[in-house]
Amino acid sequence: MERLADEVRDAKIVAVVGMTDGKKPGRPSFEIPEMLQSRGIRVLPVNPMIPEALGEKSVASLAELAVVPDIVDIFRKPEAIPEIADELLALPKEKRAKTVWLQTGI
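Summary of the structure given here. These numbers were taken from a predicted model, which means no experiment stands behind them.

Rules behind the numbers
Residues numbered from 1 in each chain as written. Predicted model: local features only at pLDDT ≥ 70, side-chain atom pairs only at ≥ 80, totals over all residues. Heavy atoms only, no water. Helix = DSSP H or I, 4+ residues; strand = E, 2+ residues; numbered from the N terminus. Pairing = 2+ DSSP bridges. Axes fitted to C-alpha atoms, helices over the stretch in contact; angles between N-to-C directions. Contact = heavy atoms within 4.5 Å. Core = buried A, V, L, I, M, F, W, Y, C linked by side-chain atoms within 4.5 Å. Buried < 20%, exposed > 50% of the residue type's maximum accessible area, 1.4 Å probe, protein only. Arc of directions from axis to C-beta.

Here we look at unusual backbone geometry
Okay, step 1: Backbone geometry at Leu54 places phi at a positive 55°, although glycine is not the residue there.
Okay, step 2: Topologically, Leu54 is positioned in the loop between strand 3 (52–53) and strand 4 (56–57).

Next comes the structure, spelled out in structure tokens:
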């Protein structure tokens, strides 16, 4: 947990897979990215179902990100994780985040 705290403290860009747009209050998939952004971290939404969130255009996949995030934060059901892991590993090394953060219980 301490390593994750260090990674978050040093992060400048976080890609959030499964981020929502805030239209349904109380969802961690919006509240956590919103908190990160309030601390000066650029949050990049990765969700094909929303056009944008927190002032950033949403992309459908990690491969579509224009910049390399420091952290990939995943808000998806456990059964979606293997596909997302495969997508991460398919990226060229220079386009991979150095940290992947899964929510508690995943």
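Here we look at the sheet that holds strand 6 (residues 99–102)
Okay, step 1: Sheet architecture is open: 4 strands sit in the order 2-1-5-6, paired in parallel fashion. Across the chains shown, the open sheet's two edge strands, defined by having one partner strand only, are strand 2 (42–46) and strand 6. Taking the axes of each pair of neighbouring strands and ignoring which way they run, one obtains an average angle of 20° across the sheet.
Okay, step 2: Against the sheet, helix 2 (residues 28–38) contacts strand 1 (13–17), strand 2, strand 5 (71–74) and strand 6, and its axis sits at roughly 155° relative to strand 2.
Okay, step 3: Of the strands in this sheet, strand 1, strand 5 and strand 6 touch helix 3 (residues 81–90), which is tilted by about 165° from strand 5.

Topic: the nonpolar core
Burial of nonpolar side chains together is a common tendency in soluble globular proteins.
Okay, step 1: Of all hydrophobic cores here, the largest spans 16 residues; its most connected members are Ala15, Val17, Val46, Leu62, Leu65, Val72 and Ile84.
Okay, step 2: Those elements giving two or more residues to this core turn out to be strand 1, strand 2, strand 5 and helix 3.
Okay, step 3: Here Leu65 is in contact with Ala15, Leu44, Val46, Val59 and Lys95, once residues within four sequence places are set aside.
Okay, step 4: Counting residues in hydrophobic clusters, the runner-up holds 15 residues, among them Ala11, Phe30, Ile50 and Ile71.

Considering helix 2
Okay, step 1: Listed in full, the buried residues belonging to helix 2 are Ser29, Phe30, Pro33 and Leu36. All buried residues of helix 2 lie within an arc of 130° about the axis, which places them on one face of the element.
Okay, step 2: Of the residues flanking the end of helix 2, it is Gly40, one or two places downstream, whose phi is positive at about 90°.

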